[in-house]
Amino acid sequence: MEMAKMIFHGVMPPTITPFKANGQVDYSAFIANIKAWNQTGLSGYLVNGSNSETAYLSEEEKLRLVALAAEHAAPGRMLTAGTGMEEPQATIALTNKCAEAGAASALVLTPSYYGAAMTSGALIDFFTRVAEGSKIPILIYNVPKFTHVNIKADAVAALSCHENIIGMKDSAGDVPQLAAFQRASLGQRFSLLVGTVSAWYPALALGIEAGIHAAANCAPNACVAVQKAYEAGDFQRAQGIYSALLPLNTAVTATYGIAGLKHACGLAGYQGGQVRCPLQPLDGAARSQVEKIFAAAREELAQYECQP
C-alpha cells in the first residue's frame with residue numbers, strides 16, 4: 001500500500017487476545033474471531049493494542065498474532081500492530097518485525113515510565129526517531145488512562161508534518177482536546193482516530209472518519225452503523241445507535257475492563273477466552289451485570305435492526 005494513500009476510514013477493534021485456562025494464547029480462538037469479524041463491516045484490525053493485553057505478551061506471541069491476523073484477515077482490511085516500547089530503538093525493532101509479519105502500519109504508544117520528563121520536545125524527538133527508522137508508517141497512540149502522559153497539541157502539530165507519521169489514535173475521551181488535535185494537524189495527510197465509543201458521535205460531527213473501539217470487539221456492526229448513518233445524513237439514527245451503545249461501552253471499558261469485554265464477546269458469539277494473570281476473571285455478580293447490560297443493549301439496538 002502506498003504511504004500517501006493510507007487513509008483511515010471506518011471502525012477497527014483493538015482485537016482481544018483469548019487465553020486458555022493455563023494462561024497460554026489460544027491462537028485457534030484468535031483465528032476464529034478474525035474470521036467472524038471478517039463477516040462484519042469492520043475496516044481493519046489493531047493487533048496488540050491495550051485491549052489485546054499487549055503488556056502481558058511476549059515478543060514471540062505478538063509477532064505470531066500479527067502474522068495470523070495478516071493471514072486470515074479479509075482482503076482490503078487494514079492491519080495495524082501496536083509496537084510501542086519505552087525507547088526508540090526497541091520500538092523500531094519491534095515495528096519492523098511486525099512489518100515483516102504483515103502489518104501495514106504501527107500504533108506507537110507514548111513512552112511513560114519517566115512521565116514527568118515526557119515534554120512535547122521529548123515526545124517529538126521520540127516519535128521522529130521511530131518514524132525515521134520504521135519500514136511502515138506509524139501512528140501516535142495517546143491513552144493517558146494507562147500511561148498518565150497526555151500529548152499536547154503543539155507536539156501533534158509538529159509530528160503531523162512528518163511523512164511517515166500518518167495519524168494518531170486518541171483515547172483520552174476529551175472532545176475539546178480532540179478538536180484541538182484536529183486543528184493542530186489541519187492540512188496535513190494525517191488521520192485522527194477516536195479511541196473510545198464514548199466520543200464516537202461527537203468525533204464524527206467534527207469530521208473525524210475513523211475509530212478504534214474496544215466495543216467493536218463485541219458489537220462491531222453497531223459501531224459501524226453509527227458512522228454509516230451519520231455519513232448518510234440520518235443523524236437521528238446515528239445518535240440513537242450511539243446512545244444505545246454507551247452503557248455497554250462503559251461496562252466493557254471503565255467498569256469491568258478487559259474481563260468484562262471478553263465476557264461480552266462470548267455473549268455476542270465470539271471467543272473471549274480467559275484474561276492473563278495478573279488480570280482476574282469476573283466474579284458471578286459481575287458476569288450477571290455484564291449479561292444484563294448486553295441484553296439491554298441488544299434489545300435497544302433491535303429497533304434499528306442492528307445487533308451487538
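Residues numbered from 1 in each chain as written. Predicted model: local features only at pLDDT ≥ 70, side-chain atom pairs only at ≥ 80, totals over all residues. Heavy atoms only, no water.

S.K.: Looking at this structure, how should I read the overall build of the protein?
M.R.: Broken down by element type, the protein carries 12 helices and 8 strands. Whereas a compact globule of 308 residues would reach a radius of gyration of roughly 19 Å, the protein reaches 18 Å, a difference of no more than 12%. If one aligns the C-alpha atoms of the protein with their principal axes, the spans along those axes are about 50 × 50 × 40 Å. Going through the 308 residues of the protein one by one, you find that 56% of them count as buried. Taking contacts inside the protein between residues at least 6 apart in sequence as the whole, the part at least 24 apart equals 74%. Taken as a whole, the protein presents about 12700 Å² of accessible surface, with 52% of it coming from carbon and sulfur. (Helix = DSSP H or I, 4+ residues; strand = E, 2+ residues; numbered from the N terminus. Rg over C-alpha atoms; globule rule 2.2 N^0.38 Å. Buried < 20%, exposed > 50% of the residue type's maximum accessible area, 1.4 Å probe, protein only. Contact = heavy atoms within 4.5 Å. Areas by Shrake-Rupley, 256 points an atom, 1.4 Å probe, with all protein chains shown as cover.)

S.K.: Looking at this structure, how should I read the packing of aromatic side chains?
M.R.: The geometry of an aromatic ring pair comes down to the distance between the two centres and the angle between the two planes. Going through the model one piece at a time under the given rule, you end up with 7 aromatic pairs. Ring centres 5.0 Å apart and planes at 85° place the aromatic pair phenylalanine 126 and phenylalanine 127 in the edge-to-face group. Both residues of the pair, phenylalanine 126 and phenylalanine 127, count as buried. When the ring of tyrosine 201 is compared with that of tyrosine 242, the centres are 5.7 Å apart and the planes differ by 35°; the resulting orientation is tilted. One end of the pair, tyrosine 201, is in helix H8 (residues 200-205); the other, tyrosine 242, is in helix H10 (residues 235-255), and 41 residues separate them in sequence. With relative accessibility at 11%, the residue tyrosine 242 sits in the buried group. An aromatic cluster is present here, built from Tyr201, Tyr230, Phe235 and Tyr242 joined pairwise through their rings. Of note, arginine 64 hangs over the ring of tyrosine 27, and the distance from its end group to the ring centre comes to 3.9 Å. (Phe/Tyr/Trp six-rings, centres within 6.5 Å; stacked < 30°, edge-to-face > 60°. Lys NZ or Arg CZ within 6 Å of the ring centre and 35° of its normal.)

S.K.: Would you mind going over unusual backbone geometry with me for this structure?
M.R.: Trans peptide bonds make up most of the peptide bonds, and negative phi angles are found at most residues other than glycine. Cis geometry is adopted by the peptide bond preceding proline 278, which originates at cysteine 277 and carries an omega value of 20°. Within the secondary structure, proline 278 sits in the loop between helix H11 (257-267) and helix H12 (284-302). Within the chain, asparagine 48 stands out as a residue other than glycine whose phi angle is a positive 70°. Secondary-structure assignment places asparagine 48 in the loop between strand E2 (44-47) and helix H2 (59-72). Judged by its relative accessible area of 3%, asparagine 48 falls in the buried class. Despite not being glycine, glutamate 305 has its phi angle at roughly 55°, a positive value.

S.K.: Honestly, the packing of helix H9 (residues 220-231) against H10 in this entry has me stumped. Any pointers?
M.R.: When two helices pack together, their arrangement is given by the angle between the helix axes and by the axis-to-axis distance. H10 packs onto H9 with a crossing angle of 160° between their chain directions and a minimal axis gap of 7 Å. The angle between the axes of H9 and H10 places the two elements in the roughly antiparallel class. Crossing geometry of H9 relative to H10 is assigned as left-handed. For the pair formed by H9 and H10, the contact residues are Ala222, Cys223, Ala225, Val226, Ala229 and Tyr230 on the first element and Phe235, Arg237, Ala238, Ile241, Tyr242 and Leu245 on the second. (Axes fitted to C-alpha atoms, helices over the stretch in contact; angles between N-to-C directions. Parallel < 35°, antiparallel > 145°, perpendicular 65-115°, else oblique. Left-handed = near helix turned anticlockwise from the far one by under 90°.)

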